[in-house]
Each structure stands twice: as structure tokens, then as C-alpha cells.
Amino acid sequence: QPNVLTQKGSLPEFQPSEIRNKFLERYKTEPLLVRSPGRINFIGEHTDYNEGFVMPAAIDRDILVAIGASADSRSTLYSVKHDETLEFDVQHPEKVTFPAWANYLLGVVRQFVDKGYDVKPIHAIIDGNVPTGAGLSSSAALECGFAFALDHLHGFGIPKLDLIHIAQWSEHNYVGVKCGIMDQFSSMMGAAGKAFVLDCRSLTYEYFPLNLKDYAIVLCDTMVKHSLANSAYNTRRAECEKGVSILKAHYPTIQSLRDVTLEMIEAHREEFSPKEYDRCTYVVAENQRVLLAADDLAKGNLASFGQRMYETHDGLSRLYEVSCLELDFLVDEAKKFGGVIGARMMGGGFGGCTINLVQKSRVNEFIETLSSAYRKNIHRDMHAYVVALKDGTSVIPAIAKPSLL
Ligand code: ADP
Ligand code: MG
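Everything numeric in this text was worked out from a predicted model, so none of it was measured.

1. Concerning the sheet that holds strand 13 (residues 394-395)
If you trace the six strands from one edge of the open sheet to the other, you get 5-4-6-3-1-13, paired in mixed fashion. Strand pairing shows two members of the sheet lacking a second neighbour, strand 5 (84-88) and strand 13, which therefore form its edges. Bridge analysis of strand 4 (residues 75-79) against strand 6 (residues 122-128) gives four bridges, and the strand direction is parallel. Across the sheet, T76 pairs through a bridge with H123, a residue of strand 6. Contacts between helix 3 (residues 138-154) and the sheet are confined to strand 1 (32-41), strand 3 (56-69), strand 6 and strand 13, with strand 1 contributing the most and set at about 150° to the helix.

2. Side note on the packing of helix 4 (residues 160-175) against helix 5 (residues 182-189)
Here helix 4 crosses helix 5 at 140°, and the two axes come no closer than 9 Å. Judged by the angle between their axes, helix 4 and helix 5 are oblique. Pair helix 4 / helix 5 crosses with right-handed handedness. Where helix 4 abuts helix 5, its residues K160, L163, I164, A167 and Q168 lie against Q184, F185, M188 and M189. Grouping the constituent residues of the contact of helix 4 with helix 5 by class yields six nonpolar, two polar and one charged.

3. Points about helix 9 (residues 302-319)
For helix 9, with 18 residues, the first-to-last C-alpha span of 25 Å sits near the 26 Å given by 1.5 Å per residue. When we look at burial in helix 9, the residues that qualify are F305, G306, R308, M309, T312, H313, G315 and L316. On its buried face, helix 9 sits against helix 8 (274-298), helix 10 (325-337), strand 10 (340-345) and strand 11 (351-359).

4. Remarks on the sheet that holds strand 12 (residues 383-387)
Spatially, four strands are ordered 10-11-9-12 in an open sheet, and the strand pairing comes out antiparallel. The open sheet has two free edges, formed respectively by strand 10 and strand 12, since each of these has just one partner strand. Strand-to-strand twist in this sheet, taken as the mean axis angle between neighbours without regard to direction, amounts to 20°. Strand direction decides the pairing type here: strand 9 (residues 215-225) and strand 12, joined by five bridges, are antiparallel. Bridging across to strand 12, D221 finds its partner in H383. Each of strand 9, strand 10 and strand 11 touches helix 10; the most contacted strand, strand 10, lies at about 175° to it.

5. Overview of the UniProt feature "domain: GHMP kinase C-terminal" (unreviewed entry) in the protein chain
With numbering aligned to this structure, UniProt lists the feature "domain: GHMP kinase C-terminal" (unreviewed entry) at residues 294-375. Overall, residues 294-375 shows 60% helix and 18% strand. The separation of its end C-alpha atoms is 35 Å.

6. With respect to the site of ligand 1
Surrounding ligand 1, one finds 20 residues, the nearest of these being S79, W101, G128, S138 and S139. Of all the secondary structure elements, the ones that give two or more residues to the shell around ligand 1 are strand 6 and helix 3. Tallied by class, residues from the shell around ligand 1 come to nine nonpolar, nine polar and two charged.

Cut-offs used in this document
Residues numbered from 1 in each chain as written. Chains lettered and ligands numbered in written order. Predicted model: local features only at pLDDT ≥ 70, side-chain atom pairs only at ≥ 80, totals over all residues. Pairing = 2+ DSSP bridges. Helix = DSSP H or I, 4+ residues; strand = E, 2+ residues; numbered from the N terminus. Contact = placed C-beta atoms within 7 Å. Axes fitted to C-alpha atoms, helices over the stretch in contact; angles between N-to-C directions. Parallel < 35°, antiparallel > 145°, perpendicular 65-115°, else oblique. Left-handed = near helix turned anticlockwise from the far one by under 90°. Nonpolar A, V, L, I, M, F, W, Y, C, P; charged D, E, K, R; others polar. Expected span 1.5 Å × (residues − 1). Buried ≥ 20, exposed ≤ 12 C-beta atoms within 10 Å, placed from the backbone. UniProt positions renumbered as here; feature names shortened; annotations may be inferred. Near = placed C-beta within 6 Å.

And the structure:
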């Protein structure tokens, strides 16, 4: 049970030796071990697929992949969490209806094969402690970890940026989620103690040390995921594209909402439906907010930074309409609490986590207060994760063999 808390906001320690031992037990050979982290996003929500800016960071929760060559032509994928195995043919990694988690990996294999890499039969075991469906992108961590492991095992030397695109392709085409590039990019490229601003058009990025002074990053998990999420995501994308096509008639150089200003929208407001107007103004304002927020951090102005997080939430809730009762409740409670300088829903919406910057000395009190308010009003248990910023996808150095083996 990866979501069970041992103390406030922490998860049980995760031991790479466990997945290694499982691999040794099943396949009698030493595996290659890879970790790939979940991610948070400080600001810049629903901007990635509009070719805009985001400010993500990789966190100290990982998907782990143990991988090795198969001794015969059969390949297997095993998920510890689901206790399910899939046998497949690496040369023909077709989509499956069951188990669903395998498609994230099969799509990656498909890309390797289609790109002409000579993929050999493999065994892989998946485990991890990235909470799933919480907006921390366990899916991207899974794709990236596996793509990196597959590449490393074969020694293909595929650049990380290409692996990021392979991972995203898998999510688009084998899972059916038309995600932007932020999640895969963050899992793969994260850096310890650092956040980065990513330009989702050029894929240029800039790391900066994140100095939150007396504040900790606390994620509050609503533990809900409303079924609206996928359909709403697709309609939002369509509404943004509609806005672009309206403005393109007047400003031919416009490629995406990234190129649009609020003045342009105002000048042609009558051509937008009220919803299209709200969606597009949110995205344009949010893009600006990311750059202003980066400026705040450079100046050490955390109060202003936090204020922008609240503004983002407000936009996501009222204009973009991807929040929900549970997320709004937790952000309102955070605002009331006093020791929080910024809070907002994080990720696609309709559930998942809020991200909060909380005074370090008051973290336990914060979690207790919000948990009990959540139970009382929403009648559910809230989970909380205190997170630190860690490096992106990497090989875990070989674990010394215990002398008894
Ligand atoms: P998110 O990316 O926000 O965590 P998604 O719904 O996009 O949520 O992805 C969650 C899915 O990723 C799970 O339903 C499962 O299929 C897969 N997944 C995540 N973690 C694991 C894991 N440890 N083992 C196997 N599959 C996993
Ligand atoms: Mg996901």
C-alpha cells in the first residue's frame, strides 16, 4: 500500500533492494535498476499543450524498473503493485486490453521497434511509490523509467530528449491521453534542489535553485478523480484551438495561444463564445504568470510568488473550469490556515492534489487541520505528501550482492 502514511506527509521508505531481489528470484540474473521520479508543477497549468511555459520539478517519489535480457524469445512485464504479468513479443508489442498498466510500456517498445532499434527479448519488473492518479504523473515516470531502462540495457545511447518523445508517444497512442510534453520532460530532466522553467514550444529550459526559505512543499491529495477529467481535457484543447483559429484570421503569424495577448482577444471578443473567451484568457494570463513568477523567485519575493499560485487556482476554477469541489475546498482551507503563502490545484484537474507552500514549523499542524476539515465536510480521508526536489531518470548504482547469495 504505497499511499499509507507512516508519519505526517511521509511515505514508507522505498528500497531498491526489494525489486532487485524479486528480479533475482524470478529470473536468476542481476537486473539493471532504473528510477524515474514523479513531478510537481509550481505554476503554468494547461499551458504546455498551448506551447507555453511551465515551472515543474522532479520529486522524491520514484517508479522503479528492474530489467534484464530474457534467456529465450519470450518477454515479460510484471507489476508488483498489481501482481500481474504480461507475456509479449518485443517485435510485435501490440496494445492490450488487460492489464492496462502494460500499455504505457508496450507503446515505448513499439516506438523503439518502429525507429529501427534491434530490441531483444526482455524481462522487466515495475514498482514504485509515486501515488497514482494524484496528478504527480506516475504515468510519465513509468514511461520514462522504462524507456530509459530499455535504452540503457541495449546500449543504444538514445538521447534523453528523444526518450521523452518516445514516452509521450506511448501515452498518446497506446494509452490514449493526449498529454503535453511537461510530464515526461520533468521526470526525465529533473535536478536535485532545482525547479526549471520549460518553454514547451522550443523545449529550451532553465534550471534554477529553488530557495523556499522557511517553506515546505506539501501536496494534499483529494483522493478523488472525477470521470469528467478525460473528456474535459479534450474539450479544453479544442476550445484553445478554436481561439487560435479565430485570431489567426486577423494575425496570420499566430501558431498557438502562446503567441496571443489579452489585447488581441479583447479586440475580437465578439467572435469568441463566452466559454472560449474564458478558456483563452486564462491560458494567456497563465503564460504571463509563469514568467512573472520566475522573476519573483529570482528576487526572493516568495509572497508574490505564492500570490500568483492563488491566482492560477482562481483562473483554473472560474475560467478554465477544471477544478472541483474537493480541490476548491482544500485551497480555501489552505488560504484560511495562515501559515501558507500559496496554494492551488495541480495537474489536469477534477481531482488529484493541491500544491501548498507551508511554513516548515507548521507542516504537521497544517496537515492535521486540513485532514480533519476534509473529513468533516467532504467525508473522505485526505492524504498529504511533503516532497523534496530530486534528479530526473537515472540508473541506480549496482547493489552489492549480500554475501549469502
Ligand atoms: P498520474 O499520471 O497522474 O499518476 P495516470 O492515470 O495518468 O495518473 O496514470 C496512472 C496509471 O499509471 C495507473 O493506473 C497505472 O496504469 C500506471 N502506473 C502508475 N504507477 C504504477 C506502478 N507502480 N506500477 C504499474 N503501473 C503503474
Ligand atoms: Mg498521467
